[in-house]
Amino acid sequence: MADTNLMSIPGQVDPVPVARDITPREDGRVDLIGLPKERIRELFEEAGLEPKQAKLRSKQVFHWLYHRGVTDFEAMTDIAKTMRPWLAERFVIGRPDVVEAQHSTDGTRKWLLKTADGHEFEMVFIPDADRGTLCVSSQVGCTLNCRFCHTGTMRLVRNLTPGEIVGQVMLARDALGEWPKGSMAGLDEAEDEGHYTSDGRLLTNIVMMGMGEPLYNFDNVKGALKLVMDGDGLALSKRRITLSTSGVVPAMERCGEEIGVNLAVSLHAVTKEIRDEIVPLNKKYGIEELLEACAAYPGASNARRITFEYVMLKDKNDSDEHARELVRLIKQYKLPAKVNLIPFNPWPGAPYECSTPERVKRFSDIVFEGGISAPVRTPRGRDIDAACGQLKTAAEKKSRAQRDREAAEAASA
């Protein structure tokens, strides 16, 4: 690990955010990934371009970065050949470094990634028949200490920057080979909104459900998702993006107003005693306060329901009484909601066991009978520790030779 200072954490749940939007590089160049068009224009002006020239070049570069996915200034064919070396000397088009890539037998893919200052985090791609979902991380480590979650056993190192967040999406598009091809015509004139759609693509949905609590890195997550939703850039609809929170109540309304994506809430229990144990954040923002914030979430409706995530823990939160109380609470607060029941994904040293399939089905049936959708999520990527609650970077314990051997064995299998 690099010698970047650990983020100071007062108590269990209130991390101090790191106020930076770009990770410094040893070579002194500035990584443009994660920066909006206006910020790129400012950097070009600071580097010596005239204002009018900086505005034009920023529009061109923005399009090549986010709409075409290029990683080399030499590929920007509408920029003068003499200008490209000037850009390359001062700026870089980055991607997170891939430390390790794994494929599950069910098609799930997991990447262990590294930041420019040497910290590791993970992302997961889950393909289905009608969609492909990318699970994106927002922090290196986590500070919430949810007891059922392997990621929660890590220390929080720092927030990911907008570039490190959106870079995960771009890296996935690289790997899937599905960057759109758009016209460069008219970039020196008034801007038009992009027209690219995600129809027919493998990567169709994004969930902010990887490592970390997104609402404890609000500004950087917001910046990254704005680029993902930009019609001239990655052009993914906000209806195809879901942000999951363990219940950082003060930031939930801001999330709805300023980002506008779908909301998922890691509920996992219906009583104070049990939720205090498995989701310690509940001691700060209790169930009632959390559900009131859900009821006030901007944009929530029957067409855009709030998702409650509920991990099934044997003899802990899975009784008939718990299921009935879940229905009662959702109805009491008049929430447009659905429930995702998640069979617990085991990890070494976990203090819980997964509910039996029969118990999970019974719980689901009771919630369905209460008029609320409660599908059981099929575990994905368990064999590569890519399932819900399993993300934790352990690769630093492996040597490079060991990782190379494992990659060779997987390729020959």
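Here the structure is a predicted model, which means the values were calculated and not measured. (Residues numbered from 1 in each chain as written. Predicted model: local features only at pLDDT ≥ 70, side-chain atom pairs only at ≥ 80, totals over all residues. Heavy atoms only, no water.)

Caption draft 1: Quick look at the side chain of S58. Its place among the elements puts S58 in helix 2 (residues 51–68). With residues up to four places along the chain from it excluded, the contact list for S58 reads K37, I40, R41 and F44. (Helix = DSSP H or I, 4+ residues; strand = E, 2+ residues; numbered from the N terminus. Contact = heavy atoms within 4.5 Å.)

Caption draft 2: Examining the packing of helix 9 (residues 320–332) against helix 10 (residues 357–369) more closely. As a packed pair, helix 9 and helix 10 sit with axes 9 Å apart at the nearest point and diverge in direction by 30°. In terms of orientation, helix 9 lies roughly parallel with respect to helix 10. For the element pair helix 9 and helix 10, the recorded crossing hand is right-handed. Packed against helix 9, whose contacting residues are D320, H322, A323, R324, L326 and V327, the element helix 10 presents R359, R362, F363, I366 and V367 at the interface. When grouped by side-chain class, the residues that make up the contact of helix 9 with helix 10 number six nonpolar, one polar and four charged. (Axes fitted to C-alpha atoms, helices over the stretch in contact; angles between N-to-C directions. Parallel < 35°, antiparallel > 145°, perpendicular 65-115°, else oblique. Left-handed = near helix turned anticlockwise from the far one by under 90°. Nonpolar A, V, L, I, M, F, W, Y, C, P; charged D, E, K, R; others polar.)

Caption draft 3: Focus on the UniProt feature "binding site: [4Fe-4S] cluster" (unreviewed entry) in the protein. Sequence positions flagged by UniProt for "binding site: [4Fe-4S] cluster" (unreviewed entry) are, in local numbering, C142, C146 and C149. Mapping C142 onto the fold places it in the loop between strand 7 (139–140) and strand 8 (158–159). Inspection of the secondary structure assignment puts C149 in the loop between strand 7 and strand 8. (UniProt positions renumbered as here; feature names shortened; annotations may be inferred.)

Caption draft 4: Representation of the pairing of strand 10 (residues 241–245). By the criterion of burial, strand 10 is predominantly enclosed, with five of the five residues buried. Side chains I241, L243 and T245 of strand 10 all project onto a buried face; the interleaved residues T242 and S244 project onto the opposite face, where all are buried too. Pairing between strand 9 (residues 205–208) and strand 10: three bridges, direction parallel. Among the inter-strand pairings, M208 is bridged to a residue of strand 10, identified as L243. The parallel pair strand 9 and strand 10 is bridged by helix 5 (residues 218–229), and the resulting crossover is right-handed. (Buried < 20%, exposed > 50% of the residue type's maximum accessible area, 1.4 Å probe, protein only. Pairing = 2+ DSSP bridges. Right-handed = clockwise from strand over helix to strand, strands pointing away.)

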